[in-house]
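Breakdown of the fold
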Amino acid sequence: AATAISVLLFGIVPLLRASPSALFAALRQGGPGSTPGPQRQRSRAVLVIAQTALALVLMVGSGLLVRSFWRVYGTEFGFQYENLLTFKVSLPESRYPTPTQKTAYHEEVLEQLRALPGVESVGLTSVMPVADGTPATTFEVLGASVAEEEGRPLLDHKYVSAGYVETMGIPLVAGQLFTQADNHGSTAQVMVDQLFVDRFWPGESPLGKQLRFAQQPDRWYSVVGVVGSTREMGARRDPKPIIYLPLMGIDGDDGWSISSATFVVRSPNPSSVVQSVHAAVWSVDSDIPIAGIRTGNEIVAESIVQLTFTMVTLGLAAVLALILGTVGLYG
């Protein structure tokens, strides 16, 4: 019915409105042995120009965006996400009320994971790059080469255990990494990334430099190591300066330790150790649930899934534009 109505509207109505002389002229111009008239030639030229221009614009725009996608897809994240398995645990305050108890649980789980066959290294962090949002706090950086208004900047920070940097494949630029003793806050030490050094101490050695929480004016932390910068917020956002703090604060039960942690496990075949990881975690406390088990590849793929969908859509649009333009120009 829709087709019949369309034929009537677009075929018969114009025919009825046309005068007999105009109809005769049109038929004569379109005959097999005749040459199209000037009006029809101009119409064809306009249609060809318009169709070529529109198809070209769509193809060029799609091509540029697809190229941008591949540039983003090939972005270095600052860590080696291949052969990486991650999962989260969250400790209830009723069962683990003190920082010492939280740290003891995390270290026991790390020890159990480290002993598993097929596991190369393990670590944990409060915030997983790409997957989670990194919190920011006001810090005071001693001797920073920045403007006065940046003397107490808002900086990203996270808490990590010994072994985290090695497991993530983040390069060590200078100094040393956290040790097992640093998990217990034996000394007031921090690590920073290269962007932090470039911003606050350009051209200087950062080792031994000091910074502190704005809320803790009586406690300075010394920089013991510098690591490579990572893209914490995904491929489309530039990396920012970040501070790495030990798993447990130096004040013991009066300080900090994280309740929600993301464990990272490096293995040649991450999928093959999932079951043994479950068993290892539950051997420490069977009442603690495991959430968000994902490989590093899955985390990176999820961070660019919207961009991937856009790229596929634009690619199809470019192909369709090429086909329609070719058929139209041939006609």
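Placed above this text is the structure.
What comes next concerns the included structure.

**Section: a nonpolar patch on the surface**
Side chains of Ile 5, Leu 9, Phe 10 and Val 13 sit close together on the surface and give an oily, nonpolar patch of about 430 Å² of accessible area. Position of Phe 10 relative to the elements: it lies in helix α1 (residues 2-17).

**Here's the deal with the pairing of strand β2 (residues 121-125)**
Counting buried residues along β2, five of its five residues qualify, which places the element largely inside the surrounding structure. Of the pairings in the sheet, the one linking β2 to strand β10 (residues 260-266) comprises five bridges and is antiparallel in character. Each residue of the ladder has a partner; that of Val 122, found in β10, is Val 265.

**Looking at empty space enclosed by the protein**
Regions of empty space are outlined by a rolling probe, equal in size to a water molecule, passed over the atoms. Under the counting rule described, the total for this entry stands at one cavity of 30 Å³ or more. When its volume is computed, the largest cavity comes out at roughly 30 Å³. In terms of lining residues, the largest cavity is bounded by Thr 86, Phe 87, Lys 88, Met 128, Ala 131, Thr 262, Gly 292 and Arg 294. Mapped onto the lining of the largest cavity, the elements with two or more residues apiece are β1 (84-90) and β11 (291-295). Along the lines of polarity and charge, the residues of the lining of the largest cavity split into three nonpolar, three polar and two charged.

**Observations regarding the packing of helix α4 (residues 99-114) against helix α7 (residues 274-284)**
Where α4 contacts α7, the two axes come as close as 9 Å, and the packing angle between them is 145°. Judged by the twist between their axes, the crossing of α4 over α7 is right-handed. Where α4 approaches α7, its residues Tyr 105, Glu 108, Val 109, Gln 112 and Leu 113 are matched on the opposing element by Val 277, Ala 280, Val 281, Ser 283 and Val 284. A per-class count over the contact of α4 with α7 returns seven nonpolar, two polar and one charged.

**Re α7**
Residues of α7 that are buried: Val 274, Val 277, His 278, Ala 280 and Val 281. Down the axis of α7, the sector holding all buried residues measures 165°, keeping them to one side. Each element contacted by the buried residues of α7 is listed here: β1, α4 and β11.

**Remarks on the side chain of Lys 158**
Considering the arrangement of structural elements, one finds Lys 158 in strand β4 (residues 154-160). For Lys 158, a relative accessible area of 0% gives the class buried. At a separation of 3.0 Å, a polar atom in the side chain of Lys 158 contacts the main-chain carbonyl oxygen of Val 127. Of the polar contacts made by the side chain of Lys 158, one reaches the side chain of Tyr 164; its length is 3.5 Å. Among all residues touching Lys 158, those that are not within four sequence positions of it are Thr 125, Ser 126, Val 127, Pro 129, Tyr 164, Glu 232, Ile 242, Ile 243, Tyr 244 and Leu 245.

**Observations regarding the environment of Ile 170**
By the secondary structure assignment, Ile 170 is in the loop between α5 (164-168) and β5 (172-175). Classification of Ile 170 as buried rests on a relative accessible area of 5%. Residues Ile 170 and Gly 228, 58 residues apart in the sequence, show an inter-C-alpha distance of 5.9 Å. With sequence-adjacent residues up to four places away left out, Ile 170 is seen in contact with Gly 78, Phe 79, Tyr 164, Val 165, Val 227, Gly 228, Thr 230 and Tyr 244.

**A few points about unusual backbone geometry**
The phi angle at Asn 83 is positive, at roughly 60°, despite the residue not being glycine. Asn 83 sits in the partly exposed class, given a relative accessible area of 37%.

**So, the side chain of Asp 156**
Structurally, Asp 156 is set in strand β4. For Asp 156, a relative accessible area of 7% translates into the label buried. Here Lys 240 takes part through its side chain, which lies 3.3 Å from a polar atom of the side chain of Asp 156. Residues in contact with Asp 156, not counting those within four places in the same chain, are Thr 134, Pro 135, Ala 136, Lys 240, Pro 241, Ile 242 and Ile 243.

Here is what the cut-offs are and how they apply
Residues numbered from 1 in each chain as written. Predicted model: local features only at pLDDT ≥ 70, side-chain atom pairs only at ≥ 80, totals over all residues. Heavy atoms only, no water. Patch = residues over 30% accessible without salt bridge, like charges linked within 9 Å, V, L, I, M, F, W, Y side chains within 5 Å. Areas by Shrake-Rupley, 256 points an atom, 1.4 Å probe, with all protein chains shown as cover. Salt bridge = Lys/Arg side-chain N within 4 Å of Asp/Glu carboxyl O. Helix = DSSP H or I, 4+ residues; strand = E, 2+ residues; numbered from the N terminus. Buried < 20%, exposed > 50% of the residue type's maximum accessible area, 1.4 Å probe, protein only. Pairing = 2+ DSSP bridges. 1 Å grid on protein atoms, 1.4 Å probe; cavity = no way out; pocket = protein on both sides within 12 Å on 5 of 7 lines; lining within 4 Å. Points joined across faces, edges and corners; volume = space filled by probe spheres on them. Nonpolar A, V, L, I, M, F, W, Y, C, P; charged D, E, K, R; others polar. Axes fitted to C-alpha atoms, helices over the stretch in contact; angles between N-to-C directions. Left-handed = near helix turned anticlockwise from the far one by under 90°. Contact = heavy atoms within 4.5 Å. Arc of directions from axis to C-beta. Polar contact = N/O pair within 3.5 Å; in protein donor to acceptor, adjacent residues only side chain to side chain.

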